Amino acid sequence: MGLPFQKLKKLWLLYLFLLFFAFFMFAISINLYVASIQNTDPQQSHPKPAPKRRSLWPRKNIVAHYIGKGDIFGNMTADDYNINQFKPIENEGADGRPVVVPPRDRFRMQRFFRLNSFNLLASDRIPLNRTLKDYRTPECRDRKYTKNLPNTSVIIVFHNEAWSVLLRTITSVINRSPKHLLKEIILVDDASDRTYLKRQLESYIKVLAVPTRLYRMKERSGLVPARLMGAQHARGDVLTFLDAHCECSRGWLEPLLARIRESRQVVICPVIDIISDDNFSYTKTFENHWGAFNWQLSFRWFSSERKRSTTESSVKDLTAPIATPGMAGGLFAIDRKYFYEMGSYDSEMRVWGGENVEMSFRIWQCGGRIEISPCSHVGHVFRSSTPYTFPGGMSEVLTNNLARAASVWMDDWQYFVMLYTSGLTLGAKDKINVTERVALREKLKCKPFSWYLEHIWPEHFFPAPDRFFGKIIWLDGETECAQAYSRHMKNLPGRALSREWSRAFDEIDNKAAEFTSLIDLERDKCLRPLRDDVPRSSLQPVTVGDCTSHAQTMDMFVITPKGQIMTNDNVCLTYRPPKQGVIKLLKNRNATTSNIMLTQCASEPSQFWSYDMDTQQISHRDTKLCLTLKSATNTRSQKVEKVVLSMQCDFKDITQKWGLIPLPWRL
Ligand code: UD2
Ligand code: MN
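Parameters and conventions
- Just so you know, the residues in each chain are numbered from 1, in the order the chain's sequence is written.
- Whichever chain is written first becomes A and whichever ligand is written first becomes 1, with later ones labelled in order.
- Confidence filtering applies because this is a predicted model: local features only for residues at pLDDT of at least 70, side-chain atom pairs given and counted only at 80 or more, and all residues used for totals across whole chains, interfaces and linings.
- As a rule here, side-chain values cover all heavy atoms of the structure and leave hydrogens and water aside.
- UniProt positions are given in the numbering used here, feature names are shortened, and annotations may be inferred rather than shown by experiment.
- Nearness is judged by heavy atoms alone; a residue qualifies as near a molecule or strand once a single heavy atom is within 4 Å of it.
- Identification of polar contacts relies on pairs of N or O atoms within 3.5 Å, with a donor-acceptor requirement for protein atoms, meaning one able to donate a hydrogen and the other able to accept it, and with residues adjacent in sequence counted only if both atoms are side-chain atoms.
- The Shrake-Rupley method, run with a 1.4 Å probe, gives the accessible areas here. Residue values count only the displayed protein chains as cover.
- Numbering of helices and strands runs from the N terminus; a helix is a DSSP stretch of H or I covering at least four residues, while a strand is a stretch of E covering at least two.
- The classification used treats Ala, Val, Leu, Ile, Met, Phe, Trp, Tyr, Cys and Pro as nonpolar, Asp, Glu, Lys and Arg as charged, and all other residues, Gly among them, as polar.
- For patches, a residue must show more than 30% relative accessible area and have no salt bridge; joins then use 9 Å for like charges and 5 Å for nonpolar side chains, namely Val, Leu, Ile, Met, Phe, Trp and Tyr.
- Whenever Lys or Arg places a side-chain nitrogen within 4 Å of a carboxyl oxygen from Asp or Glu, that contact is recorded as a salt bridge.
- Burial here depends on accessible area, computed with a 1.4 Å probe over protein chains only, as a share of the maximum for the residue type. Under 20% is buried, over 50% is exposed, and the range in between is partly exposed.
- We call Phe, Tyr and Trp rings a pair once their centres come within 6.5 Å, taking the six-membered ring for Trp, and we label the pair stacked below 30 degrees between planes, edge-to-face above 60, and tilted otherwise.
- Charges are assigned to positions over rings by a cutoff of 6 Å between ring centre and Lys NZ or Arg CZ, combined with an angular limit of 35 degrees from the ring normal.
- Here the coordinating atoms are restricted to nitrogen, oxygen and sulfur within 2.8 Å of the metal centre, or 3.2 Å for Na, K and Ca, and because water is not among them the sites may look incomplete.
- Axis lines are fitted through C-alpha atoms, for helices just across the contact stretch, and the angle between N-to-C directions can take any value from 0 to 180 degrees.
- A crossing counts as left-handed when the near helix is turned anticlockwise from the far one by less than a right angle, and as right-handed when that turn is clockwise.
- Two residues form a contact once any of their heavy atoms are found within 4.5 Å.
- Disulfides are defined as cysteine sulfur pairs within 2.5 Å.

In the nomenclature of an unreviewed UniProt entry, the protein is known as Polypeptide N-acetylgalactosaminyltransferase of Drosophila willistoni. The Pathway (unreviewed entry) comment attached to the protein in UniProt states, word for word, "Protein modification; protein glycosylation." Per UniProt, the protein carries the Cofactor (unreviewed entry) text "Mn(2+)".

Draft legend 1. Layout of the site of ligand 1. Residues in close proximity to ligand 1 total 24 residues, the closest being Asp190, Asp243, Gly353, Glu355 and Tyr388. Between ligand 1 and the protein, one listed contact pairs a nitrogen atom with a side-chain N or O atom of Asp190 at 2.7 Å. Backbone polar atom of Gly353 to an oxygen atom of ligand 1: 2.7 Å apart, as the coordinates give it. The protein chains hide 96% of the 740 Å² of surface that ligand 1 would expose on its own. Looking at the shell around ligand 1, the elements with two or more residues in it are β1 (152-158) and α8 (223-233). Of the residues assigned to the shell around ligand 1, the class counts are 11 nonpolar, 7 polar and 6 charged.

Draft legend 2. Molecular detail of a nonpolar patch on the surface. A surface patch of nonpolar side chains, amounting to about 550 Å² of accessible area, comprises Trp12, Leu13, Tyr15, Leu16 and Leu19. For Tyr15, a relative accessible area of 45% corresponds to the partly exposed category.

Draft legend 3. Representation of the packing of aromatic side chains in the model. Inspection of every chain in the model, using the stated rule, returns 32 aromatic pairs. An angle of 55° between the planes, with centres 5.7 Å apart, marks the rings of Trp413 and Phe449 as tilted. Taken together, the residues Trp413 in helix α13 (residues 413-420) and Phe449 in helix α15 (residues 449-456) connect sequence positions 36 residues apart. Given the relative accessible area of 6%, Trp413 is considered buried. For Phe449, a relative accessible area of 1% corresponds to the buried category. In textbook terms, an aromatic cluster arises when at least three aromatic residues are bridged by ring pairs, as seen for Trp290, Trp295, Phe302, Phe416, Tyr420, Trp457, Phe461, Phe462 and Phe469. Directly above the aromatic system of Trp290 lies the positively charged group of Arg306, at a separation of 4.4 Å from the ring centroid. Just above the ring of Trp451 sits the side chain of Lys447; from NZ or CZ to the centre is 4.5 Å.

Draft legend 4. Examining unusual backbone geometry more closely. Non-glycine residue Asn91 carries a positive phi angle of around 70°. Looking at the secondary structure, you find Asn91 in the loop between α2 (78-82) and α3 (106-116). Assessed through its relative accessible area of 55%, Asn91 is described here as exposed. Not every positive phi belongs to a glycine, and Lys624 is a case in point at roughly 60°. Within the secondary structure layout, Lys624 lies in the loop between β23 (617-620) and β24 (626-633).

Draft legend 5. Broad picture of the pattern of salt bridges. Applying the stated criterion to the full structure yields 32 salt bridges. The closest approach of N and O atoms between Glu262 and Arg259, which form a salt bridge, is 2.7 Å. Within this pair, Glu262 and its partner Arg259 are both found in helix α9 (residues 253-262), separated by 3 residues, close to a single helical turn. Residue classification places Glu262 among the partly exposed positions, given a relative accessible area of 23%. Given a relative accessible area of 8%, Arg259 falls into the buried group. Here Arg369 and Glu371 are joined by a salt bridge, their closest N and O atoms 2.8 Å apart. A residue is classified by how much of its surface remains accessible, and Glu371, at 0% relative accessible area, is buried. Taken together, the salt bridges that share partners define one network made up of Arg259, Glu262, Arg369 and Glu371.

Draft legend 6. Representation of the coordination of the manganese ion (ligand 2). At this site the manganese ion (ligand 2) is bound by Asp243 (OD), His245 (NE2) and His380 (NE2), with donor distances of 2.2 Å. Sequence spacing of the donor residues for the manganese ion (ligand 2), all on one chain, is D-x1-H-x134-H. Placement of the pair is Asp243 in the loop between β4 (238-242) and β5 (246-248) and His380 in strand β12 (residues 369-381), with a sequence separation of 137 residues. Of the two residues examined, Asp243 and His380, each falls in the buried class.

Draft legend 7. Focus on the packing of helix α12 (residues 394-409) against helix α14 (residues 435-443). Here α12 crosses α14 at 35°, and the two axes come no closer than 10 Å. The handedness of the crossing between α12 and α14 is right-handed. Taken together, the residues of α14 that come into contact with α12 (itself represented by Arg404, Val408 and Trp409) are Arg437, Val438 and Arg441. Among the residues making up the contact of α12 with α14, the classes are represented as 3 nonpolar, no polar and 3 charged.

Draft legend 8. How the structure looks around the state of the cysteines. Using the criterion set out here, one finds 5 disulfides in the structure. Covalent S-S linkage joins Cys140 and Cys375, the inter-sulfur distance amounting to 2.0 Å. The disulfide joining Cys140 to Cys375 has a torsion of about -70° about its S-S bond and is therefore left-handed. You can see Cys140 sitting in helix α5 (residues 138-142) and its partner Cys375 sitting in strand β12, a full 235 residues away along the chain. The pair formed by Cys140 and Cys375 is uniform in burial state, with each residue classed as buried. Each disulfide of the protein joins two cysteines, and with those cysteines numbered along the sequence the arrangement is 1-3, 2-4, 5-6, 7-8, 9-10. Among the cysteines around Cys248, which has no disulfide bond, Cys246 carries the closest sulfur, lying 6.7 Å off. On the accessibility criterion, Cys248 (0% relative accessible area) is buried. Left without a disulfide partner, Cys481 is nearest to the cysteine sulfur of Cys547, which lies 8.1 Å away. Classification of Cys481 as buried rests on a relative accessible area of 0%.

Written out as structure tokens, the structure is:
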């Protein structure tokens, strides 16, 4: 007759209990499984694409130039950030040699690259006191310094710096500075959150051979407020600032201090050598580099010949520093009192960027000097992207900082950078208050920006009152702008007599507003680089293309009264004699090239041009060949491209006629 009702109920409850239990166990096992996946060695989990960190362009030294935010949030966990995996291996990276991470660690290597935008695993294999070569020239090695040099506080600010990199910076300072010259090391933590930078760092620095103190910003502020805090606590005669990922090489400090002893108005920088972000190899850079800023106010290195500063020793001294219109920003020494007399830093500058521009203009315009000592070599890890966040927004921060620098120091030129550069606009001025900095400029009786350009940076490629600034259009005879231009030139009295650029500038200026307003972006053709995806600093063929709107600088040129045709980033129109002595299109790799190139300005005969107002021809001054527009076939793509080259002048040839259409650059 079946089971009694009571028994049936018990069985039913047991069944329910078992079901519940099974479900519970299943849930636990799922949880455990997920946790185990998260802890698995990343080598065994799904390979993720490597972080994007290289552009396709040839490797270039980037400093003080914001490229983009590193992908730090990818698939990294808090443990990944906080773990300190420093495990030095004897002799790894010795003498500045590159580090090879073993293949089994390659995946982890890529994964951890994004944390700092450099190869952390490579750095973690190198001992803190790795050896470096002596990168100095024989002259520098032989140079003797007096015993009583001023002493210095070395100030290093950091935000979430890697342990091995930060401590190698500190170790190199301690090991390669004469003890009596190194008063102290001051570290300023700009609100890092990595745990190893808390107590572990505090106890580590207690036992160092040089007094080392650590201060912390209450909240993330940026390198300027952090450096100001460091400077406040410093007691040395001289302040020496370093980034937190440097290695000082032998004899780095004495030349800096000696120069300040000679003249306390000199802000002196070392030669900045390159520590590879990829393998941490140390590469010496040339001693004759100097720096300045492009139209976007990004710092750029240049290498054209410059006179050395005259020191006490002698004029032809190969150990003498080179004056530089701009400083990279991170590595320099300055007399402590002078730093404050000159208005230290603009404390309203946040996070990153602009302070090096401001300091360069201010020091020069207010009576000081900025120089690079060829005898002092310090390595720095150059990165192609910035690994940290920009509180307040990257473009807002940069706009604020650059607008402050420009509006205090650049006079008329502030409008130029605001009108024609991508980051800034005239509106940026309304958001800033620079009253205090303007008062400082008055108090220090600083010179105008025009003086800076003329005397400190005569090679500059900015517009100026005696220069032409605007577009160079091809006068194909059809557009309204081209017709108005040619008509104006034809009607000038005595036009054929003058080949002076300045005369042409004057005549064009009279009609500037009309010409500018007639430019038709669709129909007028402007002189410009053949490709827009190659860096300005490399050799580039020239073509004509649709004229761009004003916010792009691609087809804007500055012409000097002497006839140099320049554009942004210190690039000049250059005649390159063809190899065989005949003028023909040279076919080179995948590019169509010609005997006309855009390349680094060097003030050489190859870069001077004349303008004939009568025929509207632009000719190379030495060879008397005319800029001509021709078609050529690209060897790779087989596409026909228009290329500008120089050919025998023919006044009837429509492909040789060029008009200068000015653009306004001052208010
Ligand atoms: C260059 C300079 C850098 C600075 C910058 C413009 C060199 C070698 N480096 O860029 O010193 O002048 O141009 O602003 O000339 N940091 C903070 N808080 C922040 C951001 C950065 O403490 O919010 C620290 C950072 O940890 C590092 C230093 O400031 O030690 C410079 O930053 P960077 O290395 O990212 O700048 P870098 O070398 O690209
Ligand atoms: Mn740096």
